[in-house]
Amino acid sequence: MKNKGKKLLIAVVFACTACTAMPFAPARDAYAMEKGSEEIMPLADVLEWKYKMENGVWYRRQFNRTTGKWVGEWERF
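As the structure is a computational prediction, the values presented were derived from the model and not from experiment. (Residues numbered from 1 in each chain as written. Predicted model: local features only at pLDDT ≥ 70, side-chain atom pairs only at ≥ 80, totals over all residues. Heavy atoms only, no water.)

### Points about the overall build of the protein
Consideration 1: Summing up its helical and strand segments, the protein has 1 helix and 3 strands in all.
Consideration 2: Ordered by position from the N terminus, the helices and strands of the protein form the series α-β-β-β.
Consideration 3: The burial tally for the protein puts 5% of its 77 residues in the buried class.
Consideration 4: Taking all contacts inside the protein whose residues are at least 6 apart in sequence as the whole, residues at least 24 apart take part in 7%.
Consideration 5: With an accessible surface of roughly 7600 Å², the protein has 60% of that area assigned to carbon and sulfur atoms. (Helix = DSSP H or I, 4+ residues; strand = E, 2+ residues; numbered from the N terminus. Buried < 20%, exposed > 50% of the residue type's maximum accessible area, 1.4 Å probe, protein only. Contact = heavy atoms within 4.5 Å. Areas by Shrake-Rupley, 256 points an atom, 1.4 Å probe, with all protein chains shown as cover.)

### Examining the pairing of strand E2 (residues 57-64)
Consideration 1: Alignment of strand E1 (residues 47-54) against E2, held across 8 bridges, turns out to be antiparallel. Paired with glutamate 54 across the strands is valine 57, a residue of E2.
Consideration 2: Hairpin connection of E1 to E2: 2 residues between the antiparallel strands, including asparagine 55 at a positive phi of 55°.
Consideration 3: The turn linking E2 back onto strand E3 (residues 69-76) is made up of 4 residues, and glycine 68 within it adopts a positive phi angle of 75°. (Pairing = 2+ DSSP bridges.)

Printed below as a string of structure tokens:
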């Protein structure tokens, strides 16, 4: 009787260990790429600062690369 209990315990421990050690497949994004497409689709806007010098004074303004539009106004930097 003890031998069966010991084997059952070993089997349960092995099964638990095997399940936790298995790598999980990554979940698919809500915006899954089309089949065969190698393009990356950003989910957030990509913003970058643009700089200019006018009359010896530096100015900066954000540009949204995702939409191709300016964000805000020129500000003194």
